[in-house]
Amino acid sequence: MVGFAVEGALVVFLLATLVFFALRVLPGDPAALVLGDQASEAERAALNAKLHLNEPMGMQYARFVGGLLTLDLGDSIRRPGVPAVARVFGALGPTAALAAVAVVIGAGLGVSAGVLGAGPWLGSRRSWVDRFATAIAATPLLAFGPVATYGLAARIRVVPLPGDPDAGAMGLIFASSLLALPLAAHIARVSRAALDDLGRAQFLIVARAKGASHARVWWLHAVPAAIGPIVTVLGTQLGALLGGAVVLERLFERRGLGTLILEAYISRDLPVLEAAVVVSGALFIFAQQTASALHAALDPRVGGEGT
Amino acid sequence: MRTLAERLPLVARVAPLAVLLVGSAAVVVGERSPTHLAPELSWAPPSTPWPLGCGEAGVDLLALVAHATQRGVVMAAAVSLVGFAVGCPFGAFAGLARGRVERAASRACDLVQAFPSFLLALVVLSAVARPTRTHLAAVFLLTAWAPFARLSLAQTRVLRDAAFVEAVRALGGGRARIVARHLLPNLLGVVAVQLGSTAAAIVVSEAALAFVGFGTRDGVSLGAVMDQGVSSMLRAPHVLFVGAASVAAASFSLMTAGRAFDPSFARQRLRH
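Predicted model, so just to flag it, every value in this text is computed and none were measured.

1. Re the overall build of chain B
Right, on to step 1. Tallying secondary structure elements over chain B gives 10 helices and 0 strands in all.
Right, on to step 2. Reading the helices (α) and strands (β) of chain B from amino to carboxyl end gives α-α-α-α-α-α-α-α-α-α.
Right, on to step 3. A principal-axis box enclosing the C-alpha atoms of chain B has dimensions of 75 × 55 × 30 Å.
Right, on to step 4. Out of the 272 residues in chain B, the part that is buried amounts to 51%.

Below, the structure written as structure tokens:
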């Protein structure tokens with residue numbers, strides 16, 4: 001468990017260092033990026049002093065690392081007086097809600113589809129589940145998200161537009177469902193394969209022989225034994241989920257981490273940009289390491305010398 | 001001699017990409033411009049002179065989509081080929097080294113592959129004043145090698161104890177020789193299967209970046225079409241459909257073309 005934490009901290013530190021040097025070493029004067037080409041020398045010098053860009057690189061880096069440890073990466077340039085980290089944490093809530101609901105819906109839908117595809121209910125038509133999942137997994141969210149929104153929210157109006165302040169829970173569920181579909185398709189394929197591998201395992205036959213229904217056998221006995229790969233694929237899909245969340249926030253003009261990052265990018269608010277990338281990277285690593293640790297904890301066959 | 005029917009699966013897998021590329025190339029070499037604006041034609045629905053209709057400020061959607069598809073697909077193919085060329089030897093060397101190096105490489109692949117490429121893209125793109133297609137390609141290359149390295153590592157684990165590798169080692173062959181002459185030729189086929197899905201993912205990512213506002217300044221991207229489509233959803237839904245269909249078509253065709261490297265396919269060819 002300690003190993004996971006140390007590795008996670010190391011990756012976050014590397015990411016933060018990459019952010020730091022990308023914004024300073026790559027060609028282009030950050031102060032000119034922030035103020036535009038029209039700014040005077042004095043204005044640029046003032047901003048450079050404010051962002052400590054006039055100090056030697058080693059000094060700046062030490063200040064940045066110190067800021068990382070104390071969660072103080074300076075004030076937002078566009079909103080003076082507001083710490084960059086505070087703006088990021090403020091925007092985190094809506095995105096976290098979107099992603100969390102999407103994980104719940106995606107895992108539920110995906111595992112159900114996997115059980116349906118591996119169990120006996122569909123007979124020879126069970127391969128349809130796999131084909132359907134493959135088709136969904138291959139369709140980019142960028143293509144079907146806006147079209148589904150047009151059809152369901154703009155034309156038929158069965159769901160509210162999630163960007164609408166009055167949309168409430170239904171809006172969140174609709175947006176999360178869009179985000180959850182590709183995730184569900186991946187989970188369906190992996191869980192179907194994992195359940196098929198269990199196939200005719202002895203403990204399933206025993207459970208069946210003791211009179212358990214098919215549903216009981218698959219849900220209570222087979223799914224827990226196949227949970228490892230499912231948790232792993234969930235972990236590997238989190239990155240795609242975050243990317244999808246940014247696209248959906250842009251689509252629905254919903255407030256969140258994605259819109260904050262875009263806003264900071266367009267207005268070149270460097271402290272906010274740094275904080276946003278570091279915080280979301282840290283969160284992502286945390287979620288991923290949790291998935292790995294969870295996998296190790298749930299499945300005694302994994303762990304230690306896992307390759 | 002193989003009959004046409006036997007060749008058909010291979011042809012069928014590459015055909016969508018070929019049709020897409022030839023079709024868009026035909027438009028690109030023609031007189032249609034993706035940046036010519038004709039405000040009087042704003043949001044005009046499809047008609048004979050403008051088969052896909054017009055978008056914002058009367059831009060010709062057919063020209064825009066064709067140019068964007070060409071550039072997107074070419075960049076995605078180039079990036080995934082470079083990732084392939086970097087990832088294969090990396091995975092093979094890590095697999096041969098075994099032990100700690102192998103574990104570290106494997107973990108690095110996992111992390112890079114699962115890491116939100118969006119965040120990495122943001123870091124790099126926010127440091128440049130005007131993102132160009134080269135910047136985008138560099139960003140995608142940061143993560144594109146990982147799936148290839150991972151597959152190559154897995155395949156090396158299978159091959160490294162094979163008798164022919166043992167034989168080279170006994171004859172005094174070094175690690176570089178084993179990788180270059182004996183491992184790589186044996187694992188290229190397996191790893192190449194990944195080319196299609198990596199390229200498809202890059203095409204979609206490029207469009208997604210352009211959609212949220214991180215595209216190139218010329219605005220020639222499938223994401224820009226989607227952006228126009230979303231903002232004019234109620235006025236001119238055809239823009240949205242054209243954008244969505246072309247993103248899906250580019251992604252599907254790259255994915256199916258990649259399946260031409262499928263090992264089951266190679267076996268089928270060997271039999272004949």
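Still to come is the rest of the account.
2. With respect to the overall build of chain A
Right, on to step 1. Broken down by element type, chain A carries 13 helices and 0 strands.
Right, on to step 2. Starting at the N terminus, the α and β elements of chain A follow one another as α-α-α-α-α-α-α-α-α-α-α-α-α.
Right, on to step 3. Each principal axis of the C-alpha atoms in chain A carries an extent, and together these give about 85 × 55 × 30 Å.
Right, on to step 4. Out of the 307 residues in chain A, the part that is buried amounts to 46%.
Right, on to step 5. In chain A, once contacts between residues fewer than 6 apart in sequence are set aside, the share between residues at least 24 apart is 72%.
Right, on to step 6. Accessible surface for chain A amounts to roughly 14,800 Å². Of this, 66% is attributable to carbon and sulfur atoms.

3. Considering the packing of aromatic side chains
Right, on to step 1. Counted under the stated rule, the structure contains 9 aromatic pairs over all chains.
Right, on to step 2. Consider the rings of A:Phe20 and A:Phe21, whose centres lie 4.9 Å apart with planes at 90 degrees: the pair is edge-to-face.
Right, on to step 3. Exposure remark for A:Phe20: the relative accessible area of 0% places this residue in the buried category.
Right, on to step 4. Look at A:Phe21 and you get partly exposed, because its relative accessible area is 30%.
Right, on to step 5. Relative to B:Trp145, the ring of B:Phe90 has its centre 5.4 Å away and its plane inclined at 75 degrees; by these criteria the two rings are edge-to-face. You can see B:Phe90 sitting in helix H2 (residues 61-97) and its partner B:Trp145 sitting in helix H5 (residues 133-159), a full 55 residues away along the chain.

4. Observations concerning the domain arrangement of chain A
All names here are of chain A.
Right, on to step 1. Under the domain assignment used here, chain A contains domain 1 (2-84) and domain 2 (92-306).
Right, on to step 2. Of the residues lining the interface, 24 residues belong to domain 1; the matching set on domain 2 comes to 17 residues.
Right, on to step 3. In total, domain 1 and domain 2 occlude about 1,800 Å² of area from one another, counting both sides; carbon and sulfur atoms represent 75% of this.
Right, on to step 4. Its largest share of buried area at the contact with domain 2, domain 1 owes to Phe-4, Leu-23 and Leu-73, together 27% of the area lost on that side.
Right, on to step 5. At the boundary of domain 1 with domain 2, the tally comes to 0 salt bridges.
Right, on to step 6. Linking domain 1 to domain 2 there are 1 residue pair in polar contact (both at pLDDT 80 or more).
Right, on to step 7. Every element with two or more residues in the side of domain 1 that touches domain 2 is listed here: helix H1 (2-25), helix H2 (30-35) and helix H4 (57-69).
Right, on to step 8. Classifying every residue of the side of domain 1 that touches domain 2 by side-chain character gives 17 nonpolar, 2 polar and 5 charged.

5. So, H5(B)
Right, on to step 1. Taking 1.5 Å of rise per residue, 27 residues should cover 39 Å, and H5(B) covers 38 Å from first to last C-alpha, within 8% of that figure.
Right, on to step 2. Of all the bends in H5(B), the largest measures some 35 degrees and sits at B:Leu141.

6. Digging into a nonpolar patch on the surface
Right, on to step 1. A cluster of nonpolar side chains, A:Leu152, A:Ile156 and A:Val158, forms an exposed patch at the surface whose accessible area comes to about 270 Å².
Right, on to step 2. Summarising the element assignment, A:Ile156 is placed in the loop between helix H7 (141-155) and helix H8 (168-198).

7. Looking at the confidence of the model for chain A
Right, on to step 1. Per-chain confidence: chain A averages 83 in pLDDT, with 95% of residues scoring 70 or above.
Right, on to step 2. Looking over chain A, one finds the lowest element-wise mean pLDDT in H2(A), namely 71, and the highest in helix H5 (residues 84-118) of chain A, namely 91.

8. Quick notes on helix H4 (residues 117-125) of chain B
Structurally, the α-helix is built with 3.6 residues per turn, so residues lying three or four positions apart point the same way.
Right, on to step 1. Counting buried residues in H4(B) gives 8 out of 9 residues, a clear majority hidden from the surface.
Right, on to step 2. By the burial criterion, the buried members of H4(B) are B:Phe118, B:Leu119, B:Leu120, B:Ala121, B:Leu122, B:Val123, B:Val124 and B:Leu125.

9. Some words on the environment of B:Ser231
All names here are of chain B.
Right, on to step 1. If you trace the backbone, Ser-231 turns up in helix H8 (residues 222-231).
Right, on to step 2. For Ser-231, a relative accessible area of 49% translates into the label partly exposed.
Right, on to step 3. Between the alpha carbons of Ser-231 and Ala-144 there is a distance of 32 Å; along the sequence they are 87 residues apart.
Right, on to step 4. A distance of 3.0 Å separates a polar side-chain atom of Ser-231 from the backbone oxygen of Gln-228.

10. Quick word on the interface of chain A and chain B
Right, on to step 1. With 46 residues of chain A in contact, the opposing surface of chain B contributes 40 residues.
Right, on to step 2. The contact between chain A and chain B buries some 3,800 Å² in all, and 76% of this surface belongs to carbon and sulfur atoms.
Right, on to step 3. At the junction of chain A with chain B, the criterion picks out 1 salt bridge.
Right, on to step 4. Between B:Asp227 and A:Arg250 there is a salt bridge, and its shortest N-O distance comes to 2.3 Å.
Right, on to step 5. Counting across the interface, chain A meets chain B through 3 residue pairs in polar contact (both at pLDDT 80 or more).
Right, on to step 6. At the level of elements, H1, H7, helix H11 (227-252), helix H12 (257-266) and helix H13 (270-298) of chain A are the ones that each hand at least two residues to the side of chain A that touches chain B.
Right, on to step 7. A class-by-class count of the residues in the side of chain A that touches chain B yields 28 nonpolar, 13 polar and 5 charged.

Reading the values: the criteria
Residues numbered from 1 in each chain as written. Chains lettered and ligands numbered in written order. Predicted model: local features only at pLDDT ≥ 70, side-chain atom pairs only at ≥ 80, totals over all residues. Heavy atoms only, no water. Helix = DSSP H or I, 4+ residues; strand = E, 2+ residues; numbered from the N terminus. Buried < 20%, exposed > 50% of the residue type's maximum accessible area, 1.4 Å probe, protein only. Contact = heavy atoms within 4.5 Å. Areas by Shrake-Rupley, 256 points an atom, 1.4 Å probe, with all protein chains shown as cover. Phe/Tyr/Trp six-rings, centres within 6.5 Å; stacked < 30°, edge-to-face > 60°. Domains from an automatic or database assignment. Buried area = accessible area lost by both parts, 1.4 Å probe. Salt bridge = Lys/Arg side-chain N within 4 Å of Asp/Glu carboxyl O. Polar contact = N/O pair within 3.5 Å; in protein donor to acceptor, adjacent residues only side chain to side chain. Nonpolar A, V, L, I, M, F, W, Y, C, P; charged D, E, K, R; others polar. Expected span 1.5 Å × (residues − 1). Bend = angle between axes of the 7 residues up to and from the residue. Patch = residues over 30% accessible without salt bridge, like charges linked within 9 Å, V, L, I, M, F, W, Y side chains within 5 Å. pLDDT = per-residue confidence, 0-100.

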